[in-house]
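Letter by letter, the chains look like this.
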Amino acid sequence: MTRTILKATGLRKDFVTQKPLFGAPTVVKAVNGVDLDIQAGETFAIVGESGCGKSTLARLLVRLIEPTEGEVWFNDRDIAHLPADDMRALRKDLQFIFQDPFSSLNPRMTVGALIEEPLRAHGQGDSAARQARVAELLGRVGLTPAHADRFPHEFSGGQRQRIGIARALATGPKLIIGDEPVSALDVSIQAQVVNILEDLKAEFGLTLIVIAHDLAVIRHMSDRVAVMYLGELVEVGRCEDLFSAPRHPYTEALLAAIPIASVGARKARTQLDGDLPNPISPPPGCRFHTRCPYASARCKTEHPPLRAAGPQGAGHQVACHHADDLSLQGLQDASAARSAAASARFDLYRAARGAAPGPATSETT
Amino acid sequence: MSTIADPQTQITDPAPARRGSRFWTKFRANRAALLGGVLVTFFVAVALLAPVLPLVDPTATDWLAVRKPPSPAHPFGTDEIGRDVLSRMGWGAQASLLAGVVSVAIAVLLGVPLGMLAGYLRGWTDAIISRMTEALLAAPFLILAIALAAFLGPSLSNAMIAIGLSAMPIFIRLARAQTLSVMTEDYVESARAIGLRDGALIWRYILPNIIPPILVQSTLTIATAIIAEASLSFLGLGQQPPAPSWGSMLNIAKNFLEQAPWMALYPGIAIFLVVLGFNLLGDGLRDALDPRDH
């Protein structure tokens, strides 16, 4: 039976961009009333285009930034209102992987010190025990104990991201949030880091929340997916349901934007015109109506709430007035979901992983 | 260092040097830094050894040898009341180096923590520290030092305190600005994410990353401090006559530039060389402390 490990209710974050001496400040509603329910042991993905508030949401979930409103419950504790010291102690269970492996490691600390840091911060083990743990963690992510004396700049992007993963794993967390953990990496390295995450997740019984915009990666690794648009969730559902039968026009458009490599497979695409509206003054009604091909008069005035949709028990939720009337195009053919190059990439890596003695020891394909 | 793709090949790499030896290897390879080290060491040695070096009494006057050009008896010449310039330079090294190094140390040790505090905590702490810094900066450096020295009373140690406090605002501003910029780096957020305490975060993530510009500013300020001590001495607020310092020698010598240029030349060269030495040393330290290879 699954249980909820992380729950967000009515989460909101406003950023004040301009504060004039007189008059109302300009406010960006980066995250606007998000409810989430993450089950222990699952991989939950949050997708959306740049600027939709994904990274802000990720930081709110671990309280790297303070929410304007709303609550975040981690194992039945409201972390959004926890005293600073309790929050600090809790962080050993709740870790974060950053997007940019080049800026997220302190350039003046050795790799060993970087990975040891969480252990020191939480007073785990003596010096010798911590060194042993560092060596073990380096091995787990496919580096060697000898790397502990080097500095981050001596490593490649993929290696650095694995150092970041080792650092996040050090205290034995229950939940890891990855803010675009592979988007800064070369395509050839992405699969490798994704697979390390999957291996470690299985091995340590982790719960993963992955923020991403690469749908191929999402589809490959996640159990459930939430689609975000302009600070709000527009659709949440099981990965296969969402990819095969999207219920929100925005999800359909996102899926249609996945490039298809095979000749003749190009279908009539749902095209989105224009850019993301300015989040300082989001459109009234449904926030997506300005770009939605199915928008009606109602969409322009009435804001659709996130509600259950589809067959009972699937836990599919969508925020669209017309979810039940529309028959939207998903990705019918499973092999077309992933571009030929992407599937070749994952297949190759699988083969390498099968042949290698331990997880994630091979880097070249 | 090239990026290595295959972990198998990495195991065969020679073990990297430990931190300490890595620092010395880089420092020794930098000739300019070595020259700086030699210059600084030389002047420090002169200052320390002045009492045992075969120098004549730096305060002994000789009315028969007033403003004499360099000669075997007085290799650097004599000053306006017949004192040996060489001997005064040796003894003056003490006062000048102390004035340069101690006052900058005071400025750094007070200014950098205050600046980091302002940049790290922001809000009211920042507002108070910044406004006070601006108030100090509103008064010209030298005027401030003179006022403080006059308030504290005339002596070399009070002059060093006065110069240190006057130089402090620059370091507060620099440390604050650097802290603000480092705080936006992902690695500071990552330190928060693992649950690091503020003290450890400041000590291990912020301080090491703001040191390079502070090191450079310190070496430049040493020069300013040596000159400032000269001005204070000139006003009777620094090194008390007849005890020598390079700054006070230079100050008096400027009245005799045409008749006795050697009086100004040698202290001037000494100040130049000390400042050059500290600058080169500071640059070398900065590079050697940076783990990245250039």
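Attention here is on the structure that accompanies the text. Keep in mind it's a predicted model, so treat the numbers as computed, not measured.

**Concerning the overall build of chain B**
Part 1 of the argument: Along the backbone of chain B there are eleven helices and zero strands.
Part 2 of the argument: C-alpha extents for chain B along the principal axes are approximately 80 × 50 × 30 Å.
Part 3 of the argument: Counting the 294 residues in chain B, one finds 41% classified as buried.
Part 4 of the argument: For chain B, restricting intrachain contacts to residue pairs at least 6 apart in sequence, the fraction spanning at least 24 positions comes to 69%.

**Re the sheet that holds strand β3 (residues 43–47) of chain A**
Residues and elements named next belong to chain A.
Part 1 of the argument: Spatially, the eight strands line up as an open sheet ordered β6-β7-β8-β3-β9-β10-β12-β11, and their pairing is mixed. Of all strands in the sheet, those with a lone pairing partner are β6 (94–97) and β11 (307–308), marking the two edges.
Part 2 of the argument: Where strand β7 (residues 175–179) and strand β8 (residues 207–212) come together, five bridges link them in parallel fashion. For Gly 178, the partnering residue across the bridge sits in β8 and is Val 210.
Part 3 of the argument: Where helix α5 (residues 157–169) meets the sheet, it contacts β6 and β7, and its direction lies at approximately 175° from that of β6.
Part 4 of the argument: Across the face of the sheet, helix α9 (residues 249–256) comes into contact with β3, β9 (224–229) and β10 (232–238) while running at roughly 105° to β9.

**A look at helix α6 (residues 187–204) of chain A**
Part 1 of the argument: The terminal C-alpha atoms of α6 of chain A, which comprises 18 residues, lie 26 Å apart, in line with the 26 Å expected from a rise of 1.5 Å per residue.
Part 2 of the argument: Just downstream of α6 of chain A, Gly 205 of chain A is the residue with a positive phi angle, here 60°.

**Quick word on the pairing of β3 of chain A**
Residues and elements named next belong to chain A.
Part 1 of the argument: By the criterion of burial, β3 is predominantly enclosed, with five of the five residues buried.
Part 2 of the argument: On β3, burial covers both faces: Thr 43, Ala 45 and Val 47 on one face and Phe 44 and Ile 46 on the other are all buried.
Part 3 of the argument: Relative to β9, β3 runs parallel, the two sharing four bridges. Paired with Val 47 across the bridge in β9 is Val 227.

Rules behind the numbers
- Residues numbered from 1 in each chain as written.
- Chains lettered and ligands numbered in written order.
- Predicted model: local features only at pLDDT ≥ 70, side-chain atom pairs only at ≥ 80, totals over all residues.
- Helix = DSSP H or I, 4+ residues; strand = E, 2+ residues; numbered from the N terminus.
- Buried ≥ 20, exposed ≤ 12 C-beta atoms within 10 Å, placed from the backbone.
- Contact = placed C-beta atoms within 7 Å.
- Pairing = 2+ DSSP bridges.
- Axes fitted to C-alpha atoms, helices over the stretch in contact; angles between N-to-C directions.
- Expected span 1.5 Å × (residues − 1).

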